[in-house]
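Each chain, letter by letter, is given below.
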Amino acid sequence: RKMAFQGYTFSFEKVPLSQKTDLTQQIKTHGGSIAFILNSKATHLIIPNQEQKKTNFAMKKAKKLGIETVDPSWISSELSKSREVVIASTGNNFDPSGPTFSMGALALSFEARSPPTISMCLPDFGSTIGDYKVALFGVNFAPGNNFKVKFGPVEPINYEFHGSTSVIVTLPKLLGVSASDVLISASNDGGRTYGIPVGFRFKGEEFEGEDSARLTLIMSQLQNLRRAITNIQSMEQTLQSELTFITGHKGGDISDAISTYEEKVTAKKSIFHDREIKIFLCSPYRDLIEERDDFLKFVYPRIKKLCLERDMIVTVVDIRWEGDESNIEAASLLNSIAEIQSSHIFIGFLGERYGWHISDERDTGNNIILGNSIDEARDVHKWIDEYRENSLSDIEMQVVLDNHFTGKSIFLMRDPYYQEEIRSKDKHNFRSEGPRAYEKLEYLRKKIIDFGSVEHYNRPHDMSEYLLDTLNDYINYNYPLDNRLTEDKREMFRHAIYSNQLRIVYLPEEENYLVLDRHISDEDQHKPLVITGQPGVGKSALIANWSVRHIEHHPEDVVFYHHLGCSRTSSIYSNILWRIMREISNEFGISYKLPYAADGENIAREFPKWIQFMLEQNKKNNNRRIVIVLDGLDKLDDRDKALELIWFPHTYPDKFRVILTTSPSHVLDVLDKRGSPRLVIDELREAQRKELCRKHLAVSSKKIDEKYEFMLAEANQTGNPRFLITTLDNIDLNSNIQESIIDHLHSQNTSELFDKVLESAEIYYDKPGKEIVKTLLSLVYSSRRGLSMDELRPMLDKRGIDMKDWEGIVAAEDNLIIDVGGLIYLSNLDVRSAVEIRYLSTEKEKNQFHNYVADYFILQDGLNERKLEELPYQLEQSQEFQKLSDILSDLRIFDRLHTEEHKFDLFRYWRSIESNTKILSERVYGNVIARKQFPSGIIVSDLINSLGIFLQNMNKYQAAEDMYNMSIEYYGKASQRLKIAYVYTQLSELYGVLRKPDVAKQFLQQAEEIYTEEKGEDAPEIGSVLNLLGTIILNNDNDYELASEILNRALHICETQLGTEHITTSSVYYSLGCVNLGTNDFDSAEQQLQRSLGIREKILGDWDPEVSHVLNRLGTLYIELDEYNDAEACFERALLIREKKLGSNNTRVAQTLKHMISLYEMLERYTEAIEIGLRALEITENCFGRQDFHVSSLLLRIGSLYHVKDDKENAKKFVEECVALRKELKGPTDQSVIDAEEFLQEIVAPPPPPPSFPSIQQIFRDRTLNNYQQAFTESSMAYDMIVPSFKPKPVIVHHGSGPPPPPKGTYKPPVLPSAAALAPPPIPSVSPSIRRRENEYEQNDFQEQLFMDDDLLILEETEVMEQDAPQVESISSMLNKGKGKLRKNKKKKEISQRDRYKQMMGKKSRRMNFKNALW
């Protein structure tokens, strides 16, 4: 509160405490401050008069510092003299004598202002009784004691200032004025001069009855207004501080700082200055429609292309008068003149009609509308007054003829004899409106001819040829090729153009703006905000408009925006990162050395370093906030696994804020997994749809009747802005508009709507016998990554379609196709769907156009990236598998495809070939290598090694082995020992797959020797070798101690040489996790597996097949931990990854399905287990053939599942197939055949009767009475009677990563001398039932264990088979009553009161066999 003591600082001396307290409160209340120690900051020393006469230290110091001494009574005296002036507190220091801001404009200092002007008061009436507040708004208010306001003869008693533009005053009670109208005026000089007044009404006695309720409402609003004004002033002063901060000016004239800053901004924008050419078309409407259409169809596309080559854009303003009545109503001559004066080129056409003008022959309403439009323009342009009787097109031409236009003008006059060629029914549109109109038209012709720059033509096509030549000359002269932008500025230019287009028509949604503002200001939020919604809902428009607003409100922020898809390289992740680093560094004036933009791997590696660098540099630049906006991430180029967003950090540090937009897609799934916050854009509400209708049509000076707006707004489909705008652009506004709207609204979605757009395009562009639209769009649809104009031309020429017939579609139909950096794409997924349904509904039609594209690329010489992308893809899509095989057999193409970027494409192509033909990849490449006709420029040894890797990944193991051995020969001839060592590691993996662990170990030892000799004992390659060796020992020898020792050495080498976040280090973590899982150290296993998973997700992405490898093992671990939901989640995610990346028929998919079989058995979900088993069987047969041991194992497993479900018929069927297959593969005496036959007998034979044994109740009664010896003896008797029926057999050696099987032998109970000495019995050797019989199945999956996946193997310590159940019925019944639970044909894991049993028995293992449960 500013009163008498604002700016004063008081210090006390010899003042009584009680008085001092009162004085302190008064001083602070009225703006003063207190100095507890007398110093130079004090302005007054308060000391009683009697003390002032004495000489003391305080008086001497006050005199020395020039501090005024006053008596305590002086405070009261000053308060009585002062008239209170209130300045609303905003929490900031407000200097009323300094410069302020108002509505974004810089105010001058108060001393330089003219008298204050009041523009509005609220309320504008009041009672003669007084005692109420009035808010005054205006300019040049100078807060202080000299500011004065008069309400006629009345002066307010209190002033509350809110900056220099508003003040709230209080009128006193009992004014003594009569009801009357008075003027309110204000003065800054104490009343000497007053500014411009406003009116105010004092109301008398009738006021209470008439307006008291209204006044109450207004006074409430006034209170709200006071709060709002306070906030506005706070923002005002904050902006002032920010502006001072941005410009670097500390003190001084802020206007100079603004000028300096604007110069910087202007310099920054100068790169885009004069890079737009605007062309205005002017003509009467009806007789010159063909000329306008011919210009847009023929001239504009070529001019647009010419401008793009020079980094220019061209826009055409085509306002067509004389349309529908509602369009006439929307016409604005004033806007039209403004467009002319801002254009570079004016093109005027004249035919035989004069155009729309005020005439007695016209409807009176139309004359009124036209007159109002002319009068509106005349108020601004006085020269129009003499042309009020002229047509609108005439007045537009007079802008040029009377020299109100400074650009280039071109006038064209058509030969009158042209109308002789017009059909009789249309000739009325080519005749003059009447004698008066003809006279005015002739006068206009003469004036144009006198003006010059006029050309006569015979037919519309002649006009187009002339205009094209003229505009070509104009552009080449004014914008030569050497005026092009640099590469980085060209990219900025394209993004700026795209952003500007999104801002032409937009309906701001404050709620969405608020979410974005909060995200930017939230210092605790470090993850990107993701804006999502259905395609066409307005995500890009939101971010484009918000960015501009944010820059206006926060000019201190650095805002970088990038629109994916607006240029050829804008969707490549490396270019995105490069632009971010380059432009933001330039904004800070920092030189930062960047890798080459196309070097994606180095760019991604450099980006986090750049962020840290910018954090340090930003501290020197006042910690400016950096806002990064990426629009359309779903348009990312999918090469280099960009869609996994490995290149994009999960979180960002302080001062970095990131906003992303994407439609529902794989990218959105990745961001959701990262936990990024979402903003979902909703569809338009009905009122918004109406507003969008008006705004969109107003851009082209059009309007539709309100009833049609309602029709559109009430349709559910128009909630999508793309649907609504496409409908408005496509409906016929000049004929039966209602019928056209109804026809379009029959479309249920945007895809169906674009079918109408395609139909309209066909009518407009197609010629007799030429399906131009269909052929063009179908070719673009068939392409993999778009087609260039140079690629489309020969394809269309071959089908009799000249370029001049279709290039207009490319240039003008942006809603259908877009040019992205020279490649033509369909504009969105809705258009793609519409093209497919309308033109390519059958496989035959699709294959036809894929063949057209393939034929073009086959004829192209050389092997560039475009041919590599398109040719194999087109042959695969057209199902030309023989041609595809011939192409892929070219070793040059193989060498280019077998890379990280394209290898999954190569796998997919060959899988398609082998699935649909008898062509085999190993035979094709084997024959090619046998001919030894290797292309030049390729290293043969590396090529053959790559073929080995490829064939191994395709499960062609024997062929891969041959290729590896051949590559070793070539490397040996060249003495490349390190390459030989690398092949040895590949061979060790291969022999692991072929179940030859001893051979694999030998190759690994040889590789280790070479690496040690060549690179030393701690070479990173040795870490990889040791990891493979440890895994082999783990999976084949079950030597956990040795495996752990080797793997820990591997880990030490990898962490020191490669770092803790390297893919090889991740593999070692994985292997150690398997070791700990096998030794039941579940906590360590989970920790290491999770660490391995995190590294792979970070380096390879969330959807890489290597991630699924770890997920499968984690699922196995969670089964061991009884966390079945987590296990199922791991398996389901692993399955989804493998199906998506490897295809649904890959062996790794089958392996994950096998894991899920085991899980569903544990959960007793047998039906699901059978369904998954049947699918795994189908995949295994497809991959390995019917005659494979893997198939027999799955047959046995599915049979056991049917057996558990008591479906003996199916159980018998599958097990019989298993027996027959194993006899064929292994012979009738093989143990696997014997086991399968015994199980078949168990299915067929009835179960034996249960033996008798001691009472279970007696056993537990003795146990409860602490009679341990008796209880133990009885339980042992029961055990000895039950176990023989289990038919014990030798346990097959376990080759999985789980714990080893239990020891063999007959259980012999120990003698328990006392309860204290009692210990749990050792695990007995019991027949492992069907699970034991499946060990061979697990054993045969060694390749998944070691190199492809880790199979789930749960060894049962003791299991009871289905046919044994009657023998233990009473035991099972007793255990189900709370002592535990015995599962049939399952591992007994979920046993009631498990913790109680573990504590009783001192048992640490998580498994509990039958004997333990019984005990």
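Residues numbered from 1 in each chain as written. Predicted model: local features only at pLDDT ≥ 70, side-chain atom pairs only at ≥ 80, totals over all residues. Heavy atoms only, no water.

### Let's talk about the sheet that holds strand β14 (residues 180–187)
What links the strands of a sheet is backbone hydrogen bonding, and the strands pair in either a parallel or an antiparallel sense. Test applied: Paired strands, as defined in this entry, are two strands with at least two bridges between them according to DSSP. Only DSSP runs of H or I reaching four residues or more are called helices, and only runs of E reaching two or more are called strands; each is numbered from the N terminus. Axis definition: a line fitted to C-alpha atoms, over the contacting stretch in the case of helices. Angles run 0 to 180 degrees between N-to-C directions.
Spatially, four strands are ordered β9-β15-β14-β11 in an open sheet, and the strand pairing comes out mixed. The open sheet has two edge strands, β9 (125–127) and β11 (148–151), and neither has a second partner. Averaged over all adjacent pairs, the angle separating strand axes in this sheet is 25°, with direction ignored. Bridge count between β11 and β14: four bridges; the pairing is antiparallel. Looking at β14, one finds that Phe151 is bridged to Ile184.

### A closer look at the side chain of Asp71
We count it as follows: Two N or O atoms count as a polar contact when they lie within 3.5 Å, although within protein this holds only if one can serve as hydrogen donor and the other as acceptor, and sequence-adjacent residues are included solely when both atoms are side-chain atoms. Working rule for contacts: check all heavy atoms of both residues, and any pair within 4.5 Å makes them a contact.
For Asp71, the location among the structural elements is in the loop between β4 (68–70) and α4 (73–81). A polar side-chain atom of Asp71 sits 2.9 Å from the main-chain amide nitrogen of Asn49. Side-chain polar atoms of Asp71 contact the side chain of Ser73, separated by 2.7 Å. With sequence-adjacent residues up to four places away left out, Asp71 is seen in contact with Ile46, Ile47, Pro48, Asn49 and Gln52.

### So, the sheet that holds strand β22 (residues 558–563)
On the basis of which strands lie adjacent, the open sheet formed by five strands has the order β22-β23-β24-β21-β25 and parallel pairing. Looking along the sheet, the strands with just one partner apiece sit at the ends: β22 and β25 (678–680). Sheet twist, expressed as the average angle between the axes of neighbouring strands with direction ignored, equals 15°. With six bridges connecting them, β22 and strand β23 (residues 626–631) associate as parallel partners. Along β23, the bridge assignment pairs Phe560 with Ile628. The sheet contacts of helix α16 (residues 539–553) involve β21 (529–532), β22, β23, β24 (656–662) and β25, and relative to β23 the element is tilted by about 160°.

### What to know about helix α14 (residues 487–502)
Note: α-helices contain 3.6 residues per turn, so residues at a spacing of three or four share the same orientation. Note the threshold: To estimate the expected span of a helix, subtract one from its residue number and multiply by 1.5 Å. Accessibility here uses a 1.4 Å probe with only protein chains present; expressed as a share of the type maximum, an area under 20% marks a residue as buried, one over 50% as exposed, and anything in between as partly exposed.
With 16 residues, α14 extends 23 Å from end C-alpha to end C-alpha; this agrees with the ideal 22 Å at 1.5 Å per step. Looking at α14, one finds that the buried residues are Arg490, Glu491, Phe493, His495, Ala496, Ile497, Ser499 and Leu502. Residues of α14 that are buried sit in contact with β17 (313–318), α16, β22 and α17 (573–587).

### A closer look at unusual backbone geometry
In this structure, the amide linkage connecting Leu122 to the following residue, Pro123, adopts the cis form with an omega of -5°. Its place among the elements puts Pro123 in the loop between β8 (117–122) and β9. Residue Asp311 is not a glycine yet carries a positive backbone phi of 60°. Mapping Asp311 onto the fold places it in the loop between α7 (289–309) and β17.

### Here's the deal with the pairing of strand β13 (residues 166–173)
A large share of β13 lies buried, amounting to seven of its eight residues. Sheet topology note: the strand β10 (residues 130–139)/β13 ladder contains seven bridges and is antiparallel. When the bridges of β13 are listed, Tyr132 appears paired with Leu171. In this structure, strand β12 (residues 158–161) lies alongside β13, joined through four bridges in antiparallel fashion. The partner of Phe161 across the bridge, within β13, is Val167. Hairpin connection from β12 to β13: four residues lie between these consecutive antiparallel strands, with Gly163 at a positive phi of about 75°.

### Here's the deal with the packing of α7 against helix α13 (residues 460–478)
Selection criterion: When describing relative orientation, an angle under 35 degrees is termed roughly parallel and one over 145 degrees roughly antiparallel, while 65 to 115 degrees is termed roughly perpendicular and anything else oblique. Helix crossings are classified by the rotation of the near helix relative to the far one: an anticlockwise turn of less than a right angle makes the crossing left-handed, while a clockwise turn makes it right-handed. Throughout, the ten residues Ala, Val, Leu, Ile, Met, Phe, Trp, Tyr, Cys and Pro are labelled nonpolar, Asp, Glu, Lys and Arg are labelled charged, and all others, Gly among them, are labelled polar.
Interhelical geometry of α7 versus α13 gives an angle of 30° and a closest axis separation of 9 Å. What the angle tells us is that α7 and α13 run roughly parallel. Handedness of the crossing formed by α7 with α13: right-handed. Of the residues in α13, those in contact with Glu290, Glu291, Asp294, Phe295, Phe298, Val299, Arg302, Ile303, Leu306 and Cys307 of α7 are Pro460, His461, Met463, Ser464, Glu465, Leu467, Leu468, Leu471, Asn472, Ile475 and Asn476. Grouping the constituent residues of the contact of α7 with α13 by class yields 12 nonpolar, four polar and five charged.

### Focus: a negative patch on the surface
Under the convention used in this document: To count toward a patch, a residue needs a relative accessible area above 30% and no salt bridge. Like charges then connect within 9 Å, nonpolar side chains (Val, Leu, Ile, Met, Phe, Trp, Tyr) within 5 Å. Residue exposure ignores everything except the shown protein chains as possible cover, and the areas themselves are Shrake-Rupley values with a 1.4 Å probe. By salt bridge we mean one thing: a side-chain nitrogen of Lys or Arg within 4 Å of a carboxyl oxygen of Asp or Glu. In this tally, Lys and Arg are treated as positive and Asp and Glu as negative; His is ignored, and so are the chain termini. Here the site of a charge means atom NZ of a Lys, CZ of an Arg, CG of an Asp or CD of a Glu.
On the surface, Asp462, Glu465, Asp469 and Asp473 cluster together to form a negatively charged patch. Here Asp469 lies in helix α13. A relative accessible area of 45% places Asp469 in the partly exposed class.

### Points about the pattern of salt bridges
Throughout the structure, instances matching the rule amount to 71 salt bridges. Note that Lys447 is salt-bridged to Asp402, the shortest N-O span being 3.1 Å. Of this pair, Lys447 sits in helix α12 (residues 435–451) while Asp402 sits in the loop between α11 (392–401) and β19 (408–414), and the two are 45 residues apart along the sequence. Classification of Lys447 as partly exposed rests on a relative accessible area of 22%. With a shortest N-O distance of 3.2 Å, Glu876 and Arg908 are connected by a salt bridge. Here Glu876 is found in helix α30 (residues 865–877), whereas its partner Arg908 is found in helix α33 (residues 903–916), with 32 residues between them in sequence. With relative accessibility at 28%, the residue Arg908 sits in the partly exposed group.

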